[in-house]
Amino acid sequence: MIDAIQSIGAFSAKAEGAELNASTALVVSHAGAAAPQSQSFAEVLGNMTTDAIHSMKSAEGISMQAIRGEANTREVVDAVMTAEQSLQTAIAIRDKVVTAYLEIARMQI
């Protein structure tokens, strides 16, 4: 159903604290020192978008597994709730961007 996106964002934390989420834009070494990672706002939004799409695809897949009797109800509820939270976050960000654009458009030059 959601097949137009080909790549999935790398929005997960690696084992042993090697890397944090892309939203923090920090890479932490094993010694504990933090160094800023260069990421643009567009890259962060792109990663968040692909992560939201991945969670929706995952929820859809688990729902199909439940229909076939291969997944239990708890897995379906967890996946759907995660997808819903991602969608609500995307909608909130969209609303804030539109509001900011409208405020800028109303400014007098």
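None of the values given here were measured: they were computed from a predicted structure.

## A word on the pattern of salt bridges
Where side chains of opposite charge bring their charged atoms close, a pairing between them can arise.
So, point 1. Applying the stated criterion across every chain yields a total of three salt bridges.
So, point 2. The salt bridge involving Glu 70 is made with Arg 68; its shortest N-O contact spans 3.5 Å.
So, point 3. Relative accessible area serves as the criterion here: at 53%, Arg 68 is assigned to the exposed category.

## Structural notes on the packing of helix α1 (residues 41-68) against helix α2 (residues 73-106)
So, point 1. Following both chains from N to C, one finds α1 and α2 inclined at 150°, their axes separated by 8 Å at the closest point. The angle between α1 and α2 falls in the class roughly antiparallel. The chirality of how α1 crosses α2 is left-handed. Counting all contacts with α1, which are made through Leu 45, Met 48, Ala 52, Ser 55, Met 56, Ala 59, Ile 62, Ser 63 and Ala 66, the residues of α2 involved are Glu 75, Val 76, Ala 79, Val 80, Thr 82, Ala 83, Ser 86, Leu 87, Thr 89 and Ile 93.

The rules behind the values
- Residues numbered from 1 in each chain as written.
- Predicted model: local features only at pLDDT ≥ 70, side-chain atom pairs only at ≥ 80, totals over all residues.
- Heavy atoms only, no water.
- Salt bridge = Lys/Arg side-chain N within 4 Å of Asp/Glu carboxyl O.
- Buried < 20%, exposed > 50% of the residue type's maximum accessible area, 1.4 Å probe, protein only.
- Axes fitted to C-alpha atoms, helices over the stretch in contact; angles between N-to-C directions.
- Helix = DSSP H or I, 4+ residues; strand = E, 2+ residues; numbered from the N terminus.
- Parallel < 35°, antiparallel > 145°, perpendicular 65-115°, else oblique.
- Left-handed = near helix turned anticlockwise from the far one by under 90°.
- Contact = heavy atoms within 4.5 Å.

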